[in-house]
Structure formats: structure tokens, C-alpha cells
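# Report on the structure
Listed here are the chains, written in short residue letters.
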Amino acid sequence: MDHQGEFLRAALELGIPDDEISRFSRHLRLSIGLSVGGGSPVGQLGGAPRLPVGMKWPSAGDIPLPLLLSVDCGALPGVDGFGLPADGTLHFFVDQEKDHEDSSGRYARVVYVPDGTETALAEAPSSPCVREQLDVSAELRAELPLWLQEGDEDEEWHEFWEDLEWEDMSPFQQQLFRYMERDLPHLGELRALAHDLWSSDASAFMGGYADEEVINSLAEQTLAGREMAGEIPAIPIAQWYSHLEEERHRLTSEWISLAGEARSYEEYGTSFVIRHDDLAAARVDKALAVTSFRTA
């Protein structure tokens, strides 16, 4: 389906200029929401996977990794710019408690099984690594980068942005503010339209923007690494946050969410993110998993 065309037609009916619609659309991404029950199954949460014959259940040493999610790529709705394989199955494994404590990535794994591969239902090494299996259906959800989202009283970032005086903004913040004021005067209407067309209250998502916590961590590591390697001059402490914002903005375009759990409370949540070029080449082993403990 031509989602961009659908959005363009609907926005034009509201009287919004097409050049502004085009600018807004560059930031708009669609993700795939995965909900328990509902329509036709496209995958499962938990359970046991079908793996290539002879392949052992993924593990970290002698620790088997529970299956978080499996999806049939061919059954998912197509999303422009996502780059998922057209067919085959993606399996996401993670020991969330250990992955939260260890940033090495060894406690998470993504396995891609192309169509036509001879598979068998994997035999679980132990019962704790097999969660309850729940079939999931798919629907689309509109996503925007954090700086274009509507403010929420529970989002500290928006409170910070809204309370910031012009003279206290960094040059990069001023640039973003001018862009929104000058080039997106109908931002509120465009944002509302996107969410009216595509909204989802799913338990897991694929595609869209990478989790902000993950992008922030990547940006901090990237800047610090470039400083240590002498690729950039040492950044004064007073300018660190401004440079970090610019790096986050850049990485938001470079990385995409491959799969992640919806935000919930008092439990672990894992986000798998990947660079666009790695996903386009089906290098899913390059995905980065980050598990956080989410509290109210």
C-alpha cells in the first residue's frame, strides 16, 4: 500500500501545503505493532522456534537464551524504508536479566531463517527458557523523532524543551526550533493526522525510531571514542550536551528499531536496534540489544 500517498492526500484535504507535507513526511516513520490475538497471526511471543535442522537452541555458553519473539517477515505489512527481508522468519532471543547486567551483547541473539530452509521445532535445553507462547497480529503505528513529538507531562525532555528560554538554548536547539516554527507551521495538525491514520496499542513493535535511551548511549560512546582517538578536538564540558544532541540527531537517521517491547512497568524491556545498511543486507547478527529495567 502507498502509505506516503495516503498521508499526502489526507493532509492536502486539510489545506496543508504539499511542500510542508513533504518536509514532515521525511521525519515520519511507520512501525509495525504486534498485538496478542486480533487478526491473522504473523508470529509469536515466547514459545519454541522452528530452527534449521541441526541448529542448537541459541545460548551464551551453557546458558540458553529464551525466545522473546518470532515473526514471519512475509506475513508482515510492508513499510517503506524499513528494509526487512521480504520473506523468512526472524527469531529474537534474550536473557533479559543477564543482558541488563552485561553490555557485551552475548546474552541476546537474532536469528534469520530464510524461506525454503529445512526446519524443525527446536528442543528446549530447559523449561525456564520457554515462555508462554502467544500468537500476535500486526497493525501499523506512526512514529516521529522525540523532538517532533507532542509534549507529555510525564516526559522530562519536553518539560525541559518547553521551559527553555531562547538565550539558554544551544545553537543546535535554536536551529531545530527555527525549523519547526518556520518550516512546519501545521505541525500539530500533521502530527494528529498521522496518529489518526496509524495508531497501535501493541505489546511489541518492529521498525520506527530506535529507543531514545539506546540512541543516547550510542551517542555518548561515539563522541567519547572519537575524542579518545583524536578524531575531534576535546569537547569542553559546557559544550558537551550540545554536541551530544547533534550526535543523537545524526544517529537517529542511521539506526532503526528492529524489534522492541512496548514500555511497561516493573519489568525488563529489550530493544533490538540495527543500522539501516546492515538490515538491508540481512546482517541481523549486527543488531544491538539493550535491556533496561522499567519502573513506574
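These notes cover the structure that comes with them. (Residues numbered from 1 in each chain as written. Predicted model: local features only at pLDDT ≥ 70, side-chain atom pairs only at ≥ 80, totals over all residues. Heavy atoms only, no water.)

## Re the layout of surface pockets
Considered as a void within the structure, the second largest pocket measures approximately 270 Å³ in volume. Along its surface, the second largest pocket is lined by 15 residues, and Gln4, Leu28, Arg29, Leu30 and Asp80 are the ones closest to its centre. Among the secondary structure elements, those contributing two or more residues to the lining of the second largest pocket are helix 1 (3-13) and strand 1 (29-36). A per-element tally of the lining of the second largest pocket places helix 1 first, with three residues. (1 Å grid on protein atoms, 1.4 Å probe; cavity = no way out; pocket = protein on both sides within 12 Å on 5 of 7 lines; lining within 4 Å. Points joined across faces, edges and corners; volume = space filled by probe spheres on them. Helix = DSSP H or I, 4+ residues; strand = E, 2+ residues; numbered from the N terminus.)

## Some thoughts on the environment of Gly54
Along the chain, the position of Gly54 falls in the loop between strand 3 (50-52) and strand 4 (59-60). Separated by 145 residues in sequence, Gly54 and Ser199 place their C-alpha atoms 41 Å apart.

## Section: helix 1
Buried within helix 1 we find His3, Gly5, Phe7, Ala10 and Ala11. Looking at the packing, one finds that the buried side of helix 1 touches helix 2 (18-25), strand 1, strand 10 (134-143) and helix 6 (187-197). At the exit of helix 1 stands Gly15, carrying a positive phi of roughly 85°. (Buried < 20%, exposed > 50% of the residue type's maximum accessible area, 1.4 Å probe, protein only. Contact = heavy atoms within 4.5 Å.)

## Quick notes on the environment of Ser127
For Ser127, the location among the structural elements is in the loop between strand 9 (119-121) and strand 10. In this structure the C-alpha to C-alpha distance between Ser127 and His91, which are 36 residues apart in sequence, comes to 18 Å.

## What to know about the environment of Ser203
Considering the arrangement of structural elements, one finds Ser203 in the loop between helix 6 and strand 11 (204-207). On the accessibility criterion, Ser203 (32% relative accessible area) is partly exposed. Through-space distance from the C-alpha of Ser203 to that of Ala262 is 5.1 Å; in sequence the pair is 59 residues apart. Setting aside residues up to four positions removed in sequence, Ser203 forms contacts with Leu34, Ser35, Val36, Leu45, Glu261 and Ala262.

## Some thoughts on the packing of helix 5 (residues 171-183) against helix 8 (residues 237-254)
One way to put it is that helix 5 packs onto helix 8 with a least axis distance of 8 Å and a crossing angle of 45°. On the basis of their axis angle, the class for helix 5 and helix 8 is oblique. Only Tyr241, Ser242, Glu245, Glu246 and His249 of helix 8 make contact with helix 5, whose side of the interface consists of Pro171, Phe172, Gln173 and Leu176. Among the residues making up the contact of helix 5 with helix 8, the classes are represented as four nonpolar, three polar and two charged. (Axes fitted to C-alpha atoms, helices over the stretch in contact; angles between N-to-C directions. Parallel < 35°, antiparallel > 145°, perpendicular 65-115°, else oblique. Nonpolar A, V, L, I, M, F, W, Y, C, P; charged D, E, K, R; others polar.)

## Details of the nonpolar core
The biggest cluster of nonpolar side chains holds 52 residues, and the ones touching the most others in it are Leu34, Phe92 and Met206. With residues near it in sequence (within four places) discarded, Phe92 still touches Pro66, Leu67, Leu68, Leu69, Val71, Arg109, Val110, Met206, Leu258, Ala259 and Phe272. (Core = buried A, V, L, I, M, F, W, Y, C linked by side-chain atoms within 4.5 Å.)

Keep in mind these numbers describe shape, not what the thing actually does.
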